[in-house]
Amino acid sequence: MSETALVLGGGGLTAYAWEIGMLAGLADAGLDLGGADVLAGTSAGSLLALDLAGGASPGELFEEQVHRRRPMMDVDFTLGMTVKYLWAALGSRDPETVVKRLGRLALKVRDMSEAEVFDAIRPQLPVQDWPERPVRLFATDALTGRTTGFGADSGIELLRAMAATCALPPLFPPITVGEGRWMDGGVRSTTNVDLMGDCRRVVALAPVPKGPGASPGAVDQGAVLTAGGARAAVLVPDREARRAFGRNPLDASRIPDAVRAGRRQAAAHVEQIGAVWHG
């Protein structure tokens, strides 16, 4: 069993920036969550997990974001795509059924190849091979609905695992791994923090606290860990941070405001996170 885990949720460019701001603010107070024994991510959170595993500090990442020094992937998630996603996500009150509906949506994507997904994701990778530190990138099998955290012991290359955790339907097609077709783990949960039951102390950053419809909420999933005996805390954006995000999570112009909002908000959680992290 691992001692500490940092779980980083998905939610687009503003989510990634807010998480960096939160980590930078906590580091200012002497809480270096980037040094966790296990780093886990879903979608955009997976990129940040790899940044930290590759040796980047929260402070360095903060400066990179506030000054927009890092070119981020330009994604056009159209209104039509949004409608299709919501139709699938809101079509049932059963979470497992929702995942299956989203899986069917993913499998219908025909206008982009897996190779094109790899080409889009490759420039975003801060490292080209699995880092030595334990990393889990959450993805969901569109065929079975099963969610797993891909890591160095999964037997697949890092690029394929990263493409899978970012393969949000109907933007990208699911990625083939073995007999499975894997899509963004965010179709099940924005953080998948409840899958970290093998860690004693868990902090999750959930820029999107809950997906649409029957998707489980990150705070409720954190409570599952606590009920199982772990120390766990789930942090979500406050009102000011949500305003900083704006309406479009893929709006790169919002990145500086989102990262600053995270750093500001972190001050309110130092005592809470310290109690979890240091026990």
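In the block above lies the structure referred to throughout.
Think of each chain on its own: its residues are numbered from 1, step by step along the sequence as written. Predicted model: local features are reported for residues with pLDDT of at least 70 only, side-chain atom pairs are reported and counted for 80 or more only, and whole-chain, interface and lining totals are derived from all residues. Hydrogen atoms and water are omitted, and side-chain values are computed over all heavy atoms in the structure.

Q: Hey, could you go over the overall build of the protein chain for me, with residue numbers and the actual values?
A: Strands here are runs of E lasting at least two residues and helices are runs of H or I lasting at least four, both read from the DSSP assignment and numbered beginning at the N terminus. Looking only at helices and strands, the protein chain features eleven helices and eight strands. It is over C-alpha atoms that the radius of gyration is taken, and the globule rule equals 2.2 Å times the number of residues to the power 0.38. Taking 2.2 N^0.38 as the reference for a compact globule, 279 residues should give roughly 19 Å; the C-alpha atoms of the protein chain span a radius of gyration of 17 Å, in line with that estimate. Each principal axis of the C-alpha distribution contributes one length, and for the protein chain these read about 50 × 40 × 35 Å. For the exposure calls, accessible area comes from a 1.4 Å probe over protein chains only, and a residue counts as buried if that area is under 20% of its type's maximum, exposed if over 50%, partly exposed in between. For the protein chain, the residues scored as buried account for 54% of the 279 residues in total. For the protein chain, long-range pairs separated by at least 24 residues make up 77% of all intrachain contacts whose partners lie at least 6 apart in sequence. Here the protein chain displays about 12,100 Å² of accessible surface, and carbon together with sulfur accounts for 51% of that area. Note on contacts: a residue pair qualifies if any of its non-hydrogen atoms lie within 4.5 Å across the two residues. Residue burial considers only the protein chains on display, and all accessible areas are found by Shrake-Rupley using a 1.4 Å probe.

Q: Hey, could you go over the packing of aromatic side chains for me, with residue numbers and the actual values?
A: Classification of ring pairs rests on two measures: the distance between centres of Phe, Tyr or Trp rings, Trp counted by its six-membered ring, which must be within 6.5 Å, and the angle between planes, read as stacked under 30 degrees, edge-to-face over 60 and tilted in between. Counted according to the given criterion, the structure contains two aromatic pairs. Ring centres 6.5 Å apart and planes at 80 degrees place the aromatic pair Trp 18 and Phe 245 in the edge-to-face group. Remark: Phe 245 occurs in helix 9 (residues 239-245) and Trp 18 occurs in helix 1 (residues 13-28); sequence separation between them is 227 residues. Residue Trp 18 shares its accessibility class with Phe 245, and that shared class is buried. Centre to centre, the rings of Phe 150 and Trp 182 are 5.0 Å apart; their planes meet at 70 degrees, and the pair counts as edge-to-face. With Phe 150 in strand 4 (residues 147-150) and Trp 182 in strand 6 (residues 180-184), this pair connects stretches of sequence that are 32 residues apart. Overall, the relative accessible area of 6% leaves Phe 150 in the buried class. On the basis of relative accessible area, Trp 182 is assigned to the buried category, the value being 3%. The ring of Trp 87 has Arg 101 lying over it, and the distance from NZ or CZ to the ring centre is 4.3 Å. Above the face of the Phe 62 ring, Arg 263 is positioned so that its terminal group lies 4.2 Å from the ring centre. Two conditions define a charge located above a ring, namely a distance within 6 Å from the ring centre to NZ of Lys or CZ of Arg, and an angle within 35 degrees of the ring normal.

Q: Go over the pattern of salt bridges, please, and point to the residues and values.
A: Think of a salt bridge as a Lys or Arg side-chain nitrogen and an Asp or Glu carboxyl oxygen that are within 4 Å of each other. Under the definition given, this model contains eleven salt bridges. Ionic pairing is found between Arg 200 and Glu 3, a salt bridge with its closest N-O pair at 3.2 Å. A residue pair is termed long-range when its members are at least 10 positions apart, and Arg 200 in strand 7 (residues 199-205) and Glu 3 in strand 1 (residues 2-8) qualify at 197 residues. Exposure remark for Glu 3: the relative accessible area of 29% places this residue in the partly exposed category. Asp 28 is paired through a salt bridge with Arg 263; the nearest N and O atoms lie 2.9 Å apart. In this pair, Asp 28 sits in helix 1 while Arg 263 sits in helix 10 (residues 255-266), placing the two residues 235 residues apart along the sequence.

Q: Which residues make up helix 6 (residues 114-121), and what are the values?
A: Among the residues making up helix 6, those that are buried are Glu 114, Val 117, Phe 118 and Ile 121. Looking straight down helix 6, one finds that the buried residues subtend no more than 100 degrees of arc, so they occupy a single side. Tucked into the core, helix 6 has its buried residues touching helix 7 (158-165), strand 5 (175-177) and strand 6. Along the arc lie the directions from the helix axis toward the C-beta atoms.

These values are about where atoms sit, not about what they do.
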